[in-house]
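These are the residues of each chain, in order.
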Amino acid sequence: MPRRRYRLGGIRKRSDGRWEGRLWLSDGSRRYVYARNRDLLVARLQEERWRLAWGIPVKARGLLLDQYLKEWLAVARTRLRPRTFDAYELCLRRIERPLGTVPVAKLTPQLIQRTYAALLANGLSPRTVLQTHAVLHRALKQARHWGLATTIPTELVAAPRAQQREMRALSAAQLAVLLTSSRSSRWYPLWVLLGTAGLRIGEALGLKWTDVDLMAGRLQVKRALQRQRGRGLVFVEPKSYRSRRMVCLSSLAVAALREQRTRGNAEMVFPNLCGEPQDASSVTDALKVALARAGLPRIRVHDLRHTTASILLEAGAHPKLVQDLLGHSTVALTLNTYSHVTAGLSDQAARLMDQMVGLELQRRRPGEASGYEG
């Protein structure tokens, strides 16, 4: 049977009964596609040409999930922060053994659902499995965009519901106890700043004296200090656009930083004993000791940031001001994060309404016309 041309290549029926399609590549080489009938071959040729046009080097047919995820991570690395990339990689390693040898085209919601159930049975928390699901879903969504899969099976999976983490923070009285008991410690200025200015630990440890204006009582968050795998301690951009911000300091923080300034000539505001950038793990250990000495409940270093926000919101500060102080992307994030505190604002609103309407009622004399006809 004579060969038939099909756009960029040709098709023919082989002597063994199969159909063969041929594509010419830009470098002069050829790529062959096979099918059991002509219509299927034409469809596969179209699919193959689409992949070549988009520069996708592998076929969906037979492509294993672990092979695809390695390719996807290589692309994602260029767009992710190093810590985020490490988290993605960890999530995908959890599913490598049960799902890695499954072809992408044959991945089903049932297989993924059973994998999640196994992870939960092996002791992983619902939150951890939910994070794994989020990363896998993002990867498979990209596979669909690249033409490597016809569906996104994670869309049909019932992901575990993460348990709501209980917000932990010190009260104003407890923060005062911590600062009083730590007054003679070298960590005192750091506790003051973390507890009153709402900085993340990486932002505080990344501060340089050139970022601080003690006369004006403010500082600029321009970078963060972060430990990265294979690189050690490095300075990175703040977490988001809103994280790069100016922070006005309380008089307590200004006094603590003035005291810190007299302790040495290091470039960093909070260096280690050798004058080099301070590792956050040392801060974690120091806070454990300080809390135990003060007889306070154990919290994370990040919870001092929650302490700042909670104290301000409970005192009636406008959520927008707290959002700007913390560097949150939206005020909705602030309100959702501290919903346990902002719920009290509803009571405050009700009291204000009673007060305002009550004043108007008191102005009216008994028997004064209401303005409505009975």
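Structure shown above.
For the structure given in this document, a descriptive report is provided here. The model shown is predicted, which means the values in this text are computed figures rather than measured ones.

## With respect to the layout of surface pockets
Part 1 of the argument: The space that makes up the largest pocket amounts to roughly 1,800 Å³.
Part 2 of the argument: Along the walls of the largest pocket sit 43 residues, with Arg165, Arg200, Lys239, Arg300 and His302 positioned nearest its centre.
Part 3 of the argument: Residues of the lining of the largest pocket, tallied by class, amount to 12 nonpolar, 16 polar and 15 charged.

## Re the sheet that holds strand S9 (residues 246-248)
Picture the strands of a sheet paired through backbone hydrogen bonds; they go either parallel or antiparallel.
Part 1 of the argument: Taking strand neighbours across the sheet as the criterion, the 3 strands line up as S5-S6-S9 in an open arrangement whose pairing is antiparallel. Taken across any chain shown, the strands that pair with only one partner, and hence form the sheet edges, are strand S5 (212-213) and S9.
Part 2 of the argument: Sheet topology note: the S5/strand S6 (residues 218-220) ladder contains 2 bridges and is antiparallel. Bridge pairing in S6 links Asp213 to Arg218.

## Here's the deal with the pattern of salt bridges
Part 1 of the argument: Inspection of the entire model under this criterion finds 18 salt bridges.
Part 2 of the argument: Salt-bridge contacts for Arg242 lead to Asp324; the nearest nitrogen and oxygen are separated by 2.6 Å. Of the two residues, Arg242 sits in the loop between strand S8 (232-236) and S9 while Asp324 sits in helix H13 (residues 319-326), which places them 82 residues apart along the sequence.
Part 3 of the argument: We classify Asp324 as partly exposed; its relative accessible area is 32%.
Part 4 of the argument: Within this structure, Arg12, Arg14, Asp16, Arg18 and Glu20 form a network of salt bridges that share partners.

## Topic: the packing of aromatic side chains
Part 1 of the argument: Throughout the structure, instances matching the rule amount to 3 aromatic pairs.
Part 2 of the argument: An angle of 85 degrees between the planes, with centres 6.1 Å apart, marks the rings of Tyr68 and Trp146 as edge-to-face. Of this pair, Tyr68 sits in helix H2 (residues 65-76) while Trp146 is found in the loop between helix H6 (126-145) and helix H7 (172-181), placing the two residues 78 residues apart along the sequence.
Part 3 of the argument: Residue Trp146 is classed as partly exposed on the basis of its relative accessible area, which comes to 22%.
Part 4 of the argument: Taking the centre distance of 5.9 Å and the plane angle of 20 degrees together, the rings of Trp187 and Trp191 count as stacked.

## What about the nonpolar core?
Part 1 of the argument: Within the largest apolar cluster, 41 residues are counted, with the highest numbers of intra-cluster contacts made by Leu178, Leu190, Trp191, Leu193, Leu199, Leu219 and Leu249.
Part 2 of the argument: Contributions of two or more residues to this core are made by H7, helix H8 (188-197), helix H9 (201-205), helix H10 (251-261) and helix H11 (280-294).
Part 3 of the argument: For Leu178, the contacting residues outside a window of four places in its chain are Leu170, Leu287, Ala290, Leu291, Ala294, Leu296 and Leu304.
Part 4 of the argument: Judged by nonpolar contacts, the second largest core, of 30 residues, contains Leu63, Leu107, Leu136 and Leu140.

Conventions and cut-offs
Residues numbered from 1 in each chain as written. Predicted model: local features only at pLDDT ≥ 70, side-chain atom pairs only at ≥ 80, totals over all residues. Heavy atoms only, no water. 1 Å grid on protein atoms, 1.4 Å probe; cavity = no way out; pocket = protein on both sides within 12 Å on 5 of 7 lines; lining within 4 Å. Points joined across faces, edges and corners; volume = space filled by probe spheres on them. Nonpolar A, V, L, I, M, F, W, Y, C, P; charged D, E, K, R; others polar. Pairing = 2+ DSSP bridges. Helix = DSSP H or I, 4+ residues; strand = E, 2+ residues; numbered from the N terminus. Salt bridge = Lys/Arg side-chain N within 4 Å of Asp/Glu carboxyl O. Buried < 20%, exposed > 50% of the residue type's maximum accessible area, 1.4 Å probe, protein only. Phe/Tyr/Trp six-rings, centres within 6.5 Å; stacked < 30°, edge-to-face > 60°. Core = buried A, V, L, I, M, F, W, Y, C linked by side-chain atoms within 4.5 Å. Contact = heavy atoms within 4.5 Å.

What is shown is where atoms sit, not what they do.
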